Amino acid sequence: MKKILVALLMLVWALIPAAARGDTDSCITCHSALEGKLAEPAKVFDQDIHHQSGLTCADCHGGDLHDDSLNAMSPAKGFRGAPKKTQVPEFCARCHSNVTFMHNFNPKARADQYSQYLTSVHGKRLKQGDTKVAACVDCHGVHNMLPASDTRSPTNVANVATTCAHCHANAVYMKGYGIPTDQFARYQKSVHAETLAQGDTSAPTCTTCHGNHGATPPGVSSVPNVCGTCHVFFAQLFEKSPHRAAFAKLNLPGCVQCHSNHEIVKPVDDWVGVGPKSVCANCHTSGEKGYTEAEGMAQDLAKLREGIERADTTLDTAERSGMEVSSARLELASANEDLVKARVNVHTFNEAEVRKLTDQGAGISTKTHEAGLAALHERDVRRKGLGVALITIVITIGGLYLKIRQMESPPRS
Amino acid sequence: MTTVYRRVLSWLDERFGAGSIEEFLRHKTVPVHRHTVWYYFGGMTLFLFIIQVLTGILLLLYYRPTPNDAFESVQYVMTQVRFGWLIRSVHSWSANLMIFTAFVHMFSVYFLKAYRKPRELTWITGMLLLFLVMGFGFSGYLLPWNTLAFFATKVGTEMAGSIPVVGKWLLIYLRGGEEVTGATLTRFFGFHVAVLPGLATLLLAMHLLLVQRLGMSVPPGVEKAIGEGRQPARSMPFFPNFLLRDIMGWYAALGVLGALAAIFPWELGTKADPFAPAPAGIHPEWYFLFMFQTLRYIPAKVIFLEGEFAGLLAFGAAAAVWVAVPFIDYKAGFGRVTRFFTGLGVFALGYMAVMSALALR
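1. Some points on the overall build of chain B
Now for step 1: Across its full length, chain B holds 15 helices and four strands.
Now for step 2: Relative to the 2.2 N^0.38 estimate, which gives 21 Å for 361 residues, the radius of gyration of chain B is 23 Å and therefore close to what a compact globule would have.
Now for step 3: Relative to its full complement of 361 residues, chain B shows a buried share of 46%.
Now for step 4: In the structure as shown, chain B presents an accessible area of about 19,100 Å², 70% of it carried by carbon and sulfur atoms.
Now for step 5: For chain B, the separation between the mean place of its 29 positive charges and that of its 19 negative charges on side chains is 8 Å.

2. What about the overall build of chain A?
Now for step 1: What chain A contains, in helices and strands, is 23 helices and zero strands.
Now for step 2: For chain A, the spread of C-alpha atoms along the principal axes amounts to about 135 × 80 × 50 Å.
Now for step 3: Per-residue burial over chain A gives 32% buried out of 413 residues.
Now for step 4: Partitioning the contacts of chain A with sequence separation of at least 6, the portion at a separation of at least 24 is 57%.
Now for step 5: When the accessible surface of chain A is totalled, it reaches about 24,900 Å², and 61% of it is carbon and sulfur.

3. Regarding the packing of aromatic side chains
Residue and element names in this part refer to chain B.
Now for step 1: Going through the model one piece at a time under the given rule, you end up with 30 aromatic pairs over all chains.
Now for step 2: With centroids separated by 5.6 Å and ring planes inclined at 55°, the aromatic side chains of Phe138 and Phe188 adopt a geometry described as tilted. Linking Phe138 in helix α6 (residues 120-142) with Phe188 in helix α9 (residues 182-214), this pair joins segments that are 50 residues apart in sequence.
Now for step 3: Residues Trp169 and Tyr173 carry aromatic rings whose centres are separated by 5.5 Å and whose planes lie at 5° to one another, so their mutual orientation is stacked. Here the residue Trp169 and the residue Tyr173 both occupy positions in helix α8 (residues 167-175), the gap between them amounting to four residues, near one helical turn.

4. Section: the environment of Tyr351(B)
Residues and elements named next belong to chain B.
Now for step 1: Its location among the elements puts Tyr351 in helix α15 (residues 339-360).
Now for step 2: With relative accessibility at 26%, the residue Tyr351 sits in the partly exposed group.
Now for step 3: With 306 residues separating them in the primary sequence, Tyr351 and Thr45 have C-alpha atoms 23 Å apart.

5. Describing the nonpolar core
Now for step 1: Within the largest apolar cluster, 68 residues are counted, with the highest numbers of intra-cluster contacts made by Phe103(B), Met106(B), Trp123(B), Trp145(B) and Trp322(B).
Now for step 2: Per-element tally for this core: the top contributor is helix α5 (residues 84-111) of chain B, with eleven residues.
Now for step 3: Excluding anything up to four places from it in sequence, Trp322(B) contacts Met106(B), Phe107(B), Tyr110(B), Trp123(B), Met127(B), Leu344(B), Gly345(B) and Ala348(B).
Now for step 4: Within the second largest apolar cluster, 22 residues are counted, among which are Val272(A), Met297(A), Ile308(A) and Ala335(A).

6. Topic: the packing of helix α23 (residues 351-408) of chain A against helix α11 (residues 238-263) of chain B
Now for step 1: Axis separation between α23(A) and α11(B) bottoms out at 10 Å; the angle between their running directions is 170°. As judged from the angle between their axes, α23(A) and α11(B) are roughly antiparallel. Relative to α11(B), the crossing made by α23(A) is left-handed.
Now for step 2: For the contact of α23(A) with α11(B), the residue count by class is 18 nonpolar, four polar and five charged.

7. Notes on helix α21 (residues 289-320) of chain A
An α-helix turns once every 3.6 residues. As a result, residues three or four positions apart point the same way.
Now for step 1: Compared with the 46 Å implied by 1.5 Å per residue over 32 residues, the 46 Å span of α21(A) between its first and last C-alpha is a close match.
Now for step 2: Positioned one or two residues after α21(A), Gly322(A) has a phi angle of 85°, which is positive.

8. Some remarks on the pattern of salt bridges
Residue and element names in this part refer to chain A.
Now for step 1: The full count for this structure, using the stated rule, is 34 salt bridges over all chains.
Now for step 2: Notably, a salt bridge pairs Asp269 with Arg305, separated by 2.6 Å at the nearest N-O pair. Placement of the pair is Asp269 in the loop between α20 (256-259) and α21 and Arg305 in helix α21, with a sequence separation of 36 residues.
Now for step 3: For Arg305, a relative accessible area of 25% translates into the label partly exposed.
Now for step 4: Here Lys303 ties to Asp359 by a salt bridge, and the two come within 3.9 Å at their closest N and O atoms. You can see Lys303 sitting in helix α21 and its partner Asp359 sitting in helix α23, a full 56 residues away along the chain.
Now for step 5: You can call Asp359 partly exposed: its relative accessible area is 41%.
Now for step 6: One salt-bridge network, held together by shared partners, links Asp312, Asp316, Glu319 and Arg329.

9. Quick word on the packing of α6(B) against helix α13 (residues 307-323) of chain B
When two helices pack together, their arrangement is given by the angle between their axes and by how far apart the axes lie.
Residues and elements named next belong to chain B.
Now for step 1: Running from N to C, α6 and α13 point in directions that differ by 145°, and their axes come no closer than 9 Å. Residues Trp123, Ile124, Met127 and Phe131 of α6 form the contact with α13, whose own contacting residues are Ala319, Trp322 and Val323.
Now for step 2: A class-by-class count of the residues in the contact of α6 with α13 yields seven nonpolar, no polar and no charged.

10. Side note on unusual backbone geometry
Now for step 1: Each neighbour pair has its own omega, and for Lys117(B) with Pro118(B) the value is 15°, a cis peptide bond.
Now for step 2: Looking at the secondary structure, you find Pro118(B) in the loop between α5 and α6.
Now for step 3: With an omega dihedral of 5°, the bond running from Phe239(B) to Pro240(B) counts as a cis peptide bond.
Now for step 4: Its location among the elements puts Pro240(B) in helix α11.
Now for step 5: With a phi angle near 55°, Phe349(A) is a residue other than glycine that sits in the positive phi range.
Now for step 6: By secondary structure assignment, the location of Phe349(A) is in the loop between α22 (326-345) and α23.
Now for step 7: The class of Phe349(A) is buried, set by a relative accessible area of 18%.
Now for step 8: Phi is positive for Trp145(B), close to 55°, though the residue is something other than glycine.

11. Looking at the interface of chain A and chain B
Accessible area lost during the coming together of the parts is what is often quoted as the interface size.
Now for step 1: Counting residues at the interface gives 19 residues for chain A, matched by 20 residues for chain B.
Now for step 2: Between chain A and chain B, a total of about 1,800 Å² is buried, with carbon and sulfur atoms accounting for 70% of that surface.
Now for step 3: Summed over the three residues of chain A that lose the most area to chain B, namely Glu324(A), Arg382(A) and Leu400(A), the buried surface amounts to 31% of that side.
Now for step 4: Seen at the junction of chain A and chain B, the total is one salt bridge.
Now for step 5: Of the charged contacts in the structure, one is a salt bridge between Glu408(A) and Arg245(B), with a shortest N-O distance of 2.7 Å.
Now for step 6: Counting across the chain A and chain B interface gives four residue pairs in polar contact (both at pLDDT 80 or more).
Now for step 7: Elements with a minimum of two residues in the side of chain A that touches chain B: α22 and α23 of chain A.
Now for step 8: A total of 14 residues in the side of chain A that touches chain B trace back to one element, the largest contributor, which is α23(A).
Now for step 9: Of the residues belonging to the side of chain A that touches chain B, the class tally is eight nonpolar, five polar and six charged.

12. Digging into a nonpolar patch on the surface
All names here are of chain B.
Now for step 1: Together, Leu58, Leu61, Tyr62 and Tyr76 give the surface a local cluster of nonpolar side chains, amounting to about 410 Å² of exposed area.
Now for step 2: Inspection of the secondary structure puts Leu58 in helix α3 (residues 40-60).
Now for step 3: Taking the relative accessible area as the measure of exposure, Leu58 reaches 40% and is therefore partly exposed.

Basis of the calculations
- Residues numbered from 1 in each chain as written.
- Chains lettered and ligands numbered in written order.
- Predicted model: local features only at pLDDT ≥ 70, side-chain atom pairs only at ≥ 80, totals over all residues.
- Heavy atoms only, no water.
- Helix = DSSP H or I, 4+ residues; strand = E, 2+ residues; numbered from the N terminus.
- Rg over C-alpha atoms; globule rule 2.2 N^0.38 Å.
- Buried < 20%, exposed > 50% of the residue type's maximum accessible area, 1.4 Å probe, protein only.
- Areas by Shrake-Rupley, 256 points an atom, 1.4 Å probe, with all protein chains shown as cover.
- Lys, Arg positive; Asp, Glu negative; His and termini not counted.
- Charge placed at Lys NZ, Arg CZ, Asp CG, Glu CD.
- Contact = heavy atoms within 4.5 Å.
- Phe/Tyr/Trp six-rings, centres within 6.5 Å; stacked < 30°, edge-to-face > 60°.
- Core = buried A, V, L, I, M, F, W, Y, C linked by side-chain atoms within 4.5 Å.
- Axes fitted to C-alpha atoms, helices over the stretch in contact; angles between N-to-C directions.
- Parallel < 35°, antiparallel > 145°, perpendicular 65-115°, else oblique.
- Left-handed = near helix turned anticlockwise from the far one by under 90°.
- Nonpolar A, V, L, I, M, F, W, Y, C, P; charged D, E, K, R; others polar.
- Expected span 1.5 Å × (residues − 1).
- Salt bridge = Lys/Arg side-chain N within 4 Å of Asp/Glu carboxyl O.
- Buried area = accessible area lost by both parts, 1.4 Å probe.
- Polar contact = N/O pair within 3.5 Å; in protein donor to acceptor, adjacent residues only side chain to side chain.
- Patch = residues over 30% accessible without salt bridge, like charges linked within 9 Å, V, L, I, M, F, W, Y side chains within 5 Å.

Structure below.
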């Protein structure tokens with residue numbers, strides 16, 4: 001019991017920041033007095049998540065923070081100094097791979113970053129001695145590390161792409177690796193980057209598809225799995241489609257084949273079909289079943305889209321005339337939903353599946369168009385009725401005027 | 001026909017002296033001078049009020065005052081009920097025209113000094129009716145339960161809440177709780193169809209009685225000219241000459257109402273969503289715009305008062321002065337026209353017009 005109490009007291013003591021315990025940190029005191037690179041850690045460490053959690057320089061670098069002589073940095077006092085680049089992952093992993101220790105700070109803290117890192121291209125290359133690849137501090141910073149939830153952190157979801165681009169968009173730095181350096185520029189044009197910039201932090205960034213600590217480019221076969229983690233329904237349709245087997249046979253990378261990878265722009269209906277902007281026509285040629293299906297799907301989508309546009313224009317005119325057509329508007333919204341669903345069903349690559357929805361939507365759009373026409377007819381009837389009423393009113397006013405004149409005219413002699 | 005009329009009149013006369021009414025109407029006259037045209041605006045306001053009552057009763061047949069049903073019931077009236085669109089649009093347009101003609105009537109009475117002794121009570125009942133009419137507008141605006149109405153009511157009732165001491169109580173009383181909810185709708189419906197009509201009927205009866213009792217006021221300038229023999233004292237019989245002219249005006253108003261309803265049916269908007277953010281550019285009905293714009297210009301703190309409360313206090317004081325003007329400008333009762341009060345009227349009219357225009361800018 002006594003031992004447990006002592007252990008607990010020691011733990012509590014360890015968790016209390018040094019400053020709060022009234023201790024002086026000789027590392028900070030001395031390094032603050034230095035200049036240049038050696039002063040840098042002391043300047044920024046107070047913001048660091050480690051400092052915020054009560055850790056000191058000595059917790060990572062060893063040495064004796066109570067000793068204000070140079071002896072504080074003697075190996076005899078456990079001083080480890082700054083690790084070399086190749087040693088950084090192990091250096092961090094001493095704590096970050098220790099589940100028990102990490103749970104002292106956060107019961108949900110992960111401890112698999114190091115093991116994941118070892119599986120990544122970065123980790124593998126570092127093991128081989130390539131010091132240009134990213135290690136922990138290259139992405140997280142050093143001495144001023146912030147939690148990823150902090151918007152100032154380079155690992156915050158809003159900043160991840162820029163952090164990766166720091167190396168991956170630098171053609172000179174990446175020379176020799178044989179991979180493109182335009183990913184960041186292309187990603188910035190994507191619907192994903194656009195959504196993220198609008199403040200939707202659930203929108204994907206580099207690490208969403210590539211992983212973070214275990215960063216590896218998705219292989220050809222894993223692309224639908226990666227996209228399918230968010231676009232679940234599309235992935236399911238693709239799995240059941242004839243494209244699944246055909247793409248596997250031709251070693252084509254699923255979704256990316258039509259949607260590209262980093263520059264994933266908002267798809268348009270012109271991609272479906274056999275027109276000049278079509279992606280189907282990249283593989284399918286006239287006379288093939290796929291070609292006919294693509295042509296049919298494009299026609300179905302166009303038919304519904306035009307039907308919706310026509311109904312929308314009629315309802316707009318009716319609304320501008322002051323007619324109440326909100327019920328028809330509401331109905332037209334469900335035709336729009338059918339169009340969205342039909343666009344999703346394109347991923348079955350089966351025209352019948354698309355037509356089922358476009359026919360349903362077309363029926364609704366026709367009905368709402370007719371409701372708009374009926375409202376315009378009603379408007380005309382009202383205006384005619386108004387004309388008749390106004391004529392009657394003018395005649396009555398005229399009659400009253402004549403009556404008043406007759407009453408007030410002097411009597412004839 | 002004349003015999004039947006005589007017999008009915010005689011029957012009524014024996015029971016409550018109806019003959020005296022006929023006698024009164026026969027001898028009632030209306031002064032004729034260059035400002036006679038302003039006399040018609042009181043009758044026009046009364047006509048539009050009657051239209052409001054009739055169309056309001058018809059709307060009551062379908063309207064349901066709950067947050068779930070209010071919008072849909074008005075939508076049903078607009079789209080499914082035969083001539084429902086006409087009744088609802090006429091009700092809304094007529095409300096606005098009525099407030100407009102009531103303001104014209106009030107300002108014409110003010111500038112022609114018709115409030116002077118012995119018509120102080122006519123002026124006070126008229127002013128109270130004008131406030132009631134604005135209350136009708138405010139309470140009726142919420143009833144369709146659409147987005148604009150919802151947020152305008154929220155802002156409007158919040159202003160009442162800024163009054164020190166009683167503000168919180170007043171806000172809860174108006175809203176039926178802390179927030180604008182179904183309780184507010186039920187409450188406003190009650191005010192709109194029961195409380196305000198009851199009060200309006202009482203005040204209207206008093207106002208009309210006073211008008212009949214005291215007759216139409218002749219402006220001091222005309223009165224002086226007649227007194228000095230520069231102008232003859234002309235008049236016309238109220239019945240039928242003036243009444244027929246009144247009816248001509250009412251017919252014209254009916255035509256305007258019909259045209260507005262057919263060409264610009266009153267919009268319904270979208271159903272109120274209490275959880276949605278307030279739409280941009282929200283503003284109250286046109287007759288509250290001058291107050292709304294003034295409150296926007298007032299800083300957050302005026303000396304030691306909250307800006308909003310200071311604004312409301314200023315408007316309250318101005319309204320009190322306006323109601324009491326027959327007693328303040330008592331010299332007008334002796335035929336002495338002071339330029340100050342005419343200038344004050346021009347300032348008030350100009351202020352309202354400029355502030356309303358700025359609010360719409």
